[in-house]
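Observations on chain architecture
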Amino acid sequence: MKKAFSIFFSLILLLFLSACQQESGTVINKDQKEVEFKCYDPFSRIYVDSLSNSSSLKTYHLDGYNDVPYVSARDFYELFVETECSYDNGIEKIKNKETESIMEINSNDDTIKISDYWAFFIISESNLLISDSSGSNLKCVSEDTNKDIHETIFNLGNYNFDIVAFNGKCYIPFFPLNLILSQKINFDFVYNGNDYYNTPYSNMEGVKDLFGGYSYSDYYKKFLQGKYGYSEAITAEYALYNYNGICFLYDNFFGLKDDLNIESFDTYFTDNEYKEYFLSSSPYVISDTLNKFIEQGLDIMHDSYKNSTFMSYRSKSTYVGTNYSTSTRLATTLERNRYRKLKDKTTTINGDDSSATIAIISFDEFEKGNNYYDRRNNSDNMSSTYYLLNYYLDILSDKNTYPKLKNIVFDVSINGGGDVTALIETLCLISPNGKTYLPYLVKTSGYVDACYQLDSNLDNNYDSNDGHYQSFDFYILTSEYTYSAASSFAFLAQKYNLAKVIGKKSGGGSCCVGSTYTAIGDYIAYSSEYNFGFYDNNNNFIDIDGGATPDINVDYDYFYDLTALNILIEASKINL
């Protein structure tokens, strides 16, 4: 019996080795050297949020770079996009059958060219790996993408990433291939040495138990158990792969590169003495260097080092930038002053209900709650900024209770930003017709001016009746700390005449926040290529990073004094 089992096991092993051998061969890399290219793990999986939701994705490697995972571009992207593919002489073309956009992968010059980046990554409705469960009462009415749409080219050769042509397909190191995808569909995968995991940051945090320890999901535990888990040292090839990935990220998808006058991040890292530490064999040193670069080198509020690599899991060190600490001190002062005046109430009026002429509604983050909002069940939805505002505006709209109430102030003075969908919903909520526009420029794709409409009265119709709060005059209270989505809220509401801005000039932050994992698993947030702004009459793109200038200037001492605010607001109406 044992002998039979042994023969059977040997046969399985022989078949396994044969299968791998069939996927091995010799290729020419960009240095014109003949190198071996072979299947590294024919049984790799790609997981989406759970161990039960996965598909196969074979891993390959190039001789001399045994730690660098290569995957078929076709096999990877076909998991998300319905494609039609062709191959000829080292050039593979992948077409999105729904949008006709074409990705051309050229192994001869190590480039990826996409005719319309935005359109290429429109996900097929028949996709089985990712399910869309959204059911929001917000819809995109139109997208004007006629201006500045252009072909996008990524030169992977500039980052020492070889594109390998083999057996009628093109194979690419996983990190840049994944990053190009994740910019558009918000799915970010990490290779743990065995498989590929979509790992939300919430999984990285873990759940603290009663004894001060952390417990993790089975999904995340398996992720940590990969070949690279808790590594004390990595090869020079993998350190270079990780470094090149960081350069590729910041050169191609960091929205403020031009603002900082940086032509090449490889040059920047070399000149500022980061590069030698990025190429260390210690994941700890690499993580520490990335942390220092983001918090001290960039010193931008949007950009942060979130968590350390799974290779040497540890608590991160903290480098706090000058601008960040200054704005944080301001926010702390404002929060203390607001509590003295308004306590911790979300909404406050001046005087009694029947005599109130002004109300202030404070919220410190733009949050996206449940997908569909039901006013009858408010306890489930108060985490949503849209629902919170809708709820209080409904109450304040009762003319029997508040017959004189006219001015509504949205206090975002210590609001650091948040969810873009919540921002859009809030703009629609105060719009006369329930519509708003969101103009932005994407470096890799071009200019988009999207129009959104909200069914704010929940009658299942998208019409002018959704602008049902127009008995009020809206004002937005901003400070230097008002940042990101909060600053955009003030700027766009002012631009489209939905509200007046009062207080101090907002802090800016025109780029949406992007997030990703590096090749060794460090999790970071960065100012992405999605840059809010608009074209002026001279066809120049003006981003809104400078913040919103107030229509009514208010000293910080009077920020939460409703009597003083009402006097300033009413005086401004007379001056008009």
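Numbers given for residues are sequential positions, taken from 1 along each chain in its written order. In keeping with the predicted nature of the model, local features appear solely for residues at pLDDT of at least 70, side-chain atom pairs appear and are counted solely at 80 or more, and the whole-chain, interface and lining totals rest on all residues. Hydrogens and waters are ignored; side-chain quantities use all the structure's heavy atoms.

Read across the open sheet, the six strands follow the order E1-E2-E5-E6-E14-E13; overall the sheet is antiparallel. Because the sheet does not close on itself, it has two edges, and the strands there are strand E1 (25-28) and strand E13 (164-166). Within this sheet the neighbouring strands show an average axis-to-axis angle of 40 degrees, counted without direction. Two strands qualify as a pair provided DSSP detects at least 2 bridges between them. Secondary structure follows DSSP: runs of H or I at least 4 residues long count as helices, runs of E at least 2 residues long count as strands, and numbering of each begins at the N terminus. Looking at chain direction, E1 and strand E2 (residues 34-41) are connected through four bridges and run antiparallel. Whenever a helix is involved, its axis is fitted only over the stretch in contact; in every case the axis is a line through C-alpha atoms, and angles between N-to-C directions fall within 0 to 180 degrees.

Further remarks concern the pattern of salt bridges. Salt bridges are defined as contacts in which a side-chain nitrogen from Lys or Arg sits within 4 Å of a carboxyl oxygen from Asp or Glu. Summed over all chains, the structure comprises 18 salt bridges. Note that Lys95 and Glu84 form a salt bridge whose closest N and O atoms lie 3.4 Å from each other. You can see Lys95 sitting in strand E8 (residues 91-96) and its partner Glu84 sitting in strand E7 (residues 83-88), a full eleven residues away along the chain. With relative accessibility at 45%, the residue Glu84 sits in the partly exposed group. Several salt bridges converge on common partners, so that one network encompasses Glu84, Lys95 and Glu100. Three exposure classes are used, based on accessible area relative to the maximum for each residue type with a 1.4 Å probe and protein chains only: buried under 20%, partly exposed in between, and exposed over 50%.

With the exception of glycine, most residues fall at negative phi, and the peptide bonds are largely trans. Phi is positive for Asn89, which is not a glycine, with a value near 55 degrees. By the element assignment, Asn89 lies in the loop between E7 and E8. Given a relative accessible area of 63%, Asn89 falls into the exposed group. Phi is positive for Asn539, which is not a glycine, with a value near 65 degrees.

Let's shift gears to the sheet that holds strand E9 (residues 102-106). With respect to topology, five strands assemble into an open sheet ordered E7-E8-E9-E10-E12, the strand pairing being antiparallel. Every other strand in the sheet has two partners, leaving E7 and strand E12 (152-155) as the edge strands with one partner each. Here the average twist between neighbouring strands, direction ignored, is 15 degrees. Bridging between strand E10 (residues 111-114) and E12 involves four bridges; their strand directions are antiparallel. Paired with Lys113 across the strands is Ile153, a residue of E12.

Let us now look at the packing of helix H7 (residues 236-253) against helix H10 (residues 283-298). Between H7 and H10, whose axes approach to 12 Å, the crossing angle comes to 20 degrees. Classed by the angle they form, the pair H7 and H10 counts as roughly parallel. In the crossing of H7 with H10, the sense of the turn from one axis to the other is right-handed. Contacts from Ala239, Asn242, Ile246 and Tyr250 in H7 reach Ile286, Leu290, Phe293, Ile294 and Leu298 in H10. Along the lines of polarity and charge, the residues of the contact of H7 with H10 split into eight nonpolar, one polar and no charged. Angles below 35 degrees are treated as roughly parallel, those above 145 as roughly antiparallel, those between 65 and 115 as roughly perpendicular, and all remaining angles as oblique. Handedness of a crossing is defined here by the sense of rotation of the near helix relative to the far one, left-handed for an anticlockwise turn of less than a right angle and right-handed for a clockwise turn. The contact rule is simple, with two residues in contact once any of their heavy atoms fall within 4.5 Å. Gly is put with the polar residues, along with every residue not named as nonpolar or charged; the nonpolar set is Ala, Val, Leu, Ile, Met, Phe, Trp, Tyr, Cys and Pro, and the charged set is Asp, Glu, Lys and Arg.

Attention shifts here to H10. To estimate how far a helix should extend, the number of its residues minus one is multiplied by 1.5 Å. With 16 residues, H10 extends 21 Å between its outermost C-alpha atoms, agreeing within 8% with the 22 Å of an ideal straight helix rising 1.5 Å per residue. The set of residues buried in H10 consists of Pro283, Ile286, Ser287, Asp288, Thr289, Leu290, Asn291, Phe293, Ile294, Glu295 and Leu298.

Glancing now at the packing of aromatic side chains. Only the six-membered ring of Trp is used, alongside the rings of Phe and Tyr, when aromatic pairs are assigned; centres must lie within 6.5 Å, and planes under 30 degrees apart are stacked while those over 60 apart are edge-to-face, with the rest tilted. By the definition in use, this model includes 68 aromatic pairs. Each ring, one from Phe265 and one from Tyr268, has its centre 5.7 Å from the other, and the planes form 65 degrees; the classification is edge-to-face. In this pair, Phe265 and Tyr268 both sit in helix H8 (residues 265-271), three residues apart, roughly one turn of the helix. Sitting over a ring, as applied to charges here, requires NZ of Lys or CZ of Arg to be within 6 Å of the ring centre and within 35 degrees of the ring normal. A cation over a ring is seen here: Lys139 above Tyr462, with NZ or CZ 4.4 Å from the ring centre. Just above the ring of Tyr117 sits the side chain of Lys184; from NZ or CZ to the centre is 4.4 Å.

Mapped onto the elements, Asn106 comes out in strand E9. Take Asn106: its relative accessible area is 10%, and that puts it in the buried class. Side-chain atoms alone can form a polar contact between residues adjacent in sequence; in general such a contact is a pair of N or O atoms within 3.5 Å, and within protein one must be able to donate a hydrogen while the other accepts it. Here Asn108 takes part through its backbone nitrogen, which lies 2.8 Å from a polar atom of the side chain of Asn106. If near-sequence neighbours (up to four positions away) are discounted, Asn106 is found in contact with Gly90, Ile91, Thr111 and Ile163.

Counting 92 residues, the largest nonpolar core has Phe76, Ile112, Phe121, Ile180, Tyr250, Phe269 and Phe293 as its most contacted members. In terms of residue count, the dominant contributor to this core is H7 (ten residues). Membership of the second largest hydrophobic core comes to 54 residues, among which are Ile361, Phe366, Leu389 and Val442. Definition of nonpolar core: a set of buried residues of the types Ala, Val, Leu, Ile, Met, Phe, Trp, Tyr and Cys, connected through side-chain atoms within 4.5 Å.

This next bit is on the confidence of the model for the protein. A residue's pLDDT is the predictor's confidence in that residue, given on a scale from 0 to 100. With 84% of its residues at a pLDDT of 70 or more, the protein shows a mean pLDDT of 84. Of the regions scoring below 50 in pLDDT, residues 1-22 engages in five contacts with residues more than four places distant in sequence or in other chains. Note on residues 371-379: pLDDT under 50 across the span, and 33 contacts to partners over four residues away in sequence or across chains.

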